[in-house]
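# Tertiary structure, described
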Amino acid sequence: MGLWNTGGSPVGRSQPWVPDPRAAVAWQAPSDVEQGLYDALLRGDWDAYLHVLAGTRLFLPVPRAHADAEPPSVMFTPYRHPRTGAVCLAVFTEGMLPAPVADPVFCGYSLGWYAREWNDADPPYLAVNPGTPCEAVIPATPAHRAVWKEHAERAHTSACGCPDRRGRLRALYVGGPLHGPLAHGLACSALLFVKNGELWNAMAYHGGGYFHEKDRLEDWWGIDGPEAWRDAQERLLNADMVGDVWEFALGVRRAMAQDYVGPVEVEHWRRTAEHVLRRRIAEAGETRITPDGVTRGKILTEDEVEEHVAELHRLIGMITRYEARFRADGLLAEDASVRTTQAWDYGRASGMARWGLAARYCTLHEAEEAVLRAGIAARSVYGSWEEFSAAYALGRCLHFDEEQFGSWYEEVLQAHRTLTTDPGSPWLNIPWER
C-alpha cells in the first residue's frame, strides 16, 4: 500500500494520510483497539493498522430521525477533513465514541461491511477517528476496498461478520471508571461483558450500535421502548425475575442451615422443603376474611399437588448437582453453597442499564443510577465477588442450561476464571466492600 503520507493532503488517491504519531508519544489510548492503531502508526505498518480495523466495529453517526424512519438503513454523510481538505466518511472505534445523546445515534459495522456497501458515489476517503493521535484518512478506491475485504476475511469474526472477542476481558483505560461505586456496579455485569468480549466499564455505552442494541432488547427481552425498558430494569433491580421456585428451595435450605448450624443433607432438605410446600398449598386454599370479604384460595387437586412436589424434588437434585460441578471446577468453594440466585438479576440489571442507554430508552443519568443501585443491591446480599459469581452462574444455568453443562455453563465458567485470575480484572482491583 505504500508509505504513510504525513503531508498536508493525501497523495492522489493512492496513500493513506496520518498525523505524525511522534507528536503524541505520551498519549493514553482509551482501549486496546486504539492502542493497536496507534502502535501501528508508530511503526508505519499499514497492514497492522488494517488488521486492527478488521477486528473491531467502526461506528458512524446517523441522524436519529433517519435511523428510526428507515431501520436498518444508514446514510453516508460526507465531511471535509480539516487538515487534508479531503471529502471523507468519518467513522470511530468504540473507545473514541462520545457519550450517548438523543441525536445522533451511532451504528457499528465491520470493515468488511464497509468494503461491500461502499460504491463509487460515496466519499473518496474513509477517516478513522479524525482529530485523534490514531487517526488515518484512507483512500476508498475499489482497489483499496478490495484490501479491506482481504483483511476482513482474515479477521476472526462472528457469524454476523462482526468482530468476535468473546471471552476476553476488555476495559476502557480512559473514559470509564476503574474504581469506586460506579465501577463496582459495572463490574456486577462483568460476567456478561467478558463473555461477550465487551468493555466492562463503558458507562457511556453504545454496544454494537443503535440497531444492534434495539434488536438485542426486543429479541431477548421483548423490550421495544422506554416504558418496557423501565419495567424490566425495575424488576431486575428488585430481583423479581429470578425463579420463585428456585428461591423457595434455596430459602428452605438457608433457614435449615441457620437452625442446624452446618451443611444440610440433601434428603433432609428435600423432605423439609416438601413439608413446607404442602403446608403452603393447604394454607393457600383456606377460607379467609379480607377487606374484599370472605374469600377462598385456589384448591389444587391431588395430582396438581404431587406435580408441584415432584418439580421441587427435581429442582433440589439439579441444584445439588450444579453445586457439585461448581466445586469441582473451582467456581464454588469446597464447603460453600449458593444462598440465593438474586445475583442473576443484579448482574443483568447492570447490563440492562447500558443496553437501554445504547437503544436510547433512557438517559446517561438514568443508566448510571440503575448501575449504582445494582451494585448496592448486590452488596446487600453477597459478601464477595466469588459468592456473587457462583450465584449468578447458578441462576444462568437453571434458566438456560437444563444440566447439559454446555455453552451456557462453559461460557460463564470461563468468564469466572478470567475475572478471578486476570491481574486487570475489576474483581481483583475493586473491593467488594466499600
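Check the entry above for the structure.
The text that follows walks through the structure, step by step, so that each part is easy to find. It should be emphasised that the depicted structure is a prediction, and the values quoted were computed from it without experimental measurement.

## Overview of the overall build of the chain
- Each helix and strand counted, the chain has 17 helices and eight strands in total.
- With respect to the principal axes defined by its C-alpha atoms, the chain has extents near 85 × 45 × 35 Å.
- Split into buried and exposed, the 434 residues of the chain put 51% on the buried side.
- Summarising the internal contacts of the chain: among those between residues at least 6 apart in sequence, 74% fall at separations of at least 24.
- By element, 52% of the accessible surface of the chain is carried by carbon and sulfur atoms, the whole surface being about 19,800 Å².

## Details of the pattern of salt bridges
- A full pass over the atoms with the stated rule returns 25 salt bridges.
- Put simply, Arg-278 and Glu-274 hold a salt bridge, and the shortest N to O gap is 2.9 Å. Taken together, the residues Arg-278 and Glu-274, both in helix H11 (residues 266-284) and four residues apart, mark about one turn of the helix.
- By relative accessible area, Arg-278 is classed as partly exposed at 30%.
- Between Arg-321 and Glu-403 there is a salt bridge whose closest N-O contact spans 2.6 Å. Placement of Arg-321 in helix H12 (residues 302-328) and of Glu-403 in the loop between helix H15 (385-401) and helix H16 (407-421) is noted, with a sequence separation of 82 residues between them.
- Judged by relative accessible area, Arg-321 falls into the partly exposed class, the value being 41%.
- With a relative accessible area of 24%, Glu-403 lands in the partly exposed category.
- If you follow the salt bridges from partner to partner, you end up with Asp-32, Glu-94, Arg-165, Arg-168 and Arg-170 in one network.

## Structural notes on the pairing of strand S4 (residues 105-109)
- Across the five residues that make up S4, a large majority, five, are buried.
- What you see with S4 is no split at all: Val-105, Cys-107 and Tyr-109 on one side and Phe-106 and Gly-108 on the other are buried throughout.
- Bridge count for strand S1 (residues 58-62) against S4 is five bridges, and the pairing is antiparallel. Across the sheet, Leu-58 pairs through a bridge with Tyr-109, a residue of S4.

## Observations regarding the nonpolar core
- Counting 86 residues, the largest nonpolar core has Trp-200, Trp-269, Phe-326, Met-352, Phe-388 and Leu-398 as the members making the most contacts within it.
- Counting 45 residues, the second-largest nonpolar core is a separate cluster that includes Val-18, Leu-58, Ala-90 and Trp-148.

## A short note on a negative patch on the surface
- Together, Asp-215, Glu-218, Asp-219 and Asp-224 make up a negatively charged patch on the protein surface.
- Overall, Asp-219 belongs to the exposed group, its relative accessible area being 63%.

## Re helix H9 (residues 226-237)
- Between its first and last C-alpha, H9 extends 16 Å over twelve residues, near the 16 Å set by a 1.5 Å rise per residue.
- Buried within H9 we find Trp-229, Ala-232, Gln-233, Leu-236 and Leu-237. Down the axis of H9, the sector holding all buried residues measures 130°, keeping them to one side.
- Downstream of H9 by a residue or two, Ala-239 has a phi angle that is positive, lying close to 55°.

Rules of the game
- Residues numbered from 1 in each chain as written.
- Predicted model: local features only at pLDDT ≥ 70, side-chain atom pairs only at ≥ 80, totals over all residues.
- Heavy atoms only, no water.
- Helix = DSSP H or I, 4+ residues; strand = E, 2+ residues; numbered from the N terminus.
- Buried < 20%, exposed > 50% of the residue type's maximum accessible area, 1.4 Å probe, protein only.
- Contact = heavy atoms within 4.5 Å.
- Areas by Shrake-Rupley, 256 points an atom, 1.4 Å probe, with all protein chains shown as cover.
- Salt bridge = Lys/Arg side-chain N within 4 Å of Asp/Glu carboxyl O.
- Pairing = 2+ DSSP bridges.
- Core = buried A, V, L, I, M, F, W, Y, C linked by side-chain atoms within 4.5 Å.
- Patch = residues over 30% accessible without salt bridge, like charges linked within 9 Å, V, L, I, M, F, W, Y side chains within 5 Å.
- Lys, Arg positive; Asp, Glu negative; His and termini not counted.
- Charge placed at Lys NZ, Arg CZ, Asp CG, Glu CD.
- Expected span 1.5 Å × (residues − 1).
- Arc of directions from axis to C-beta.

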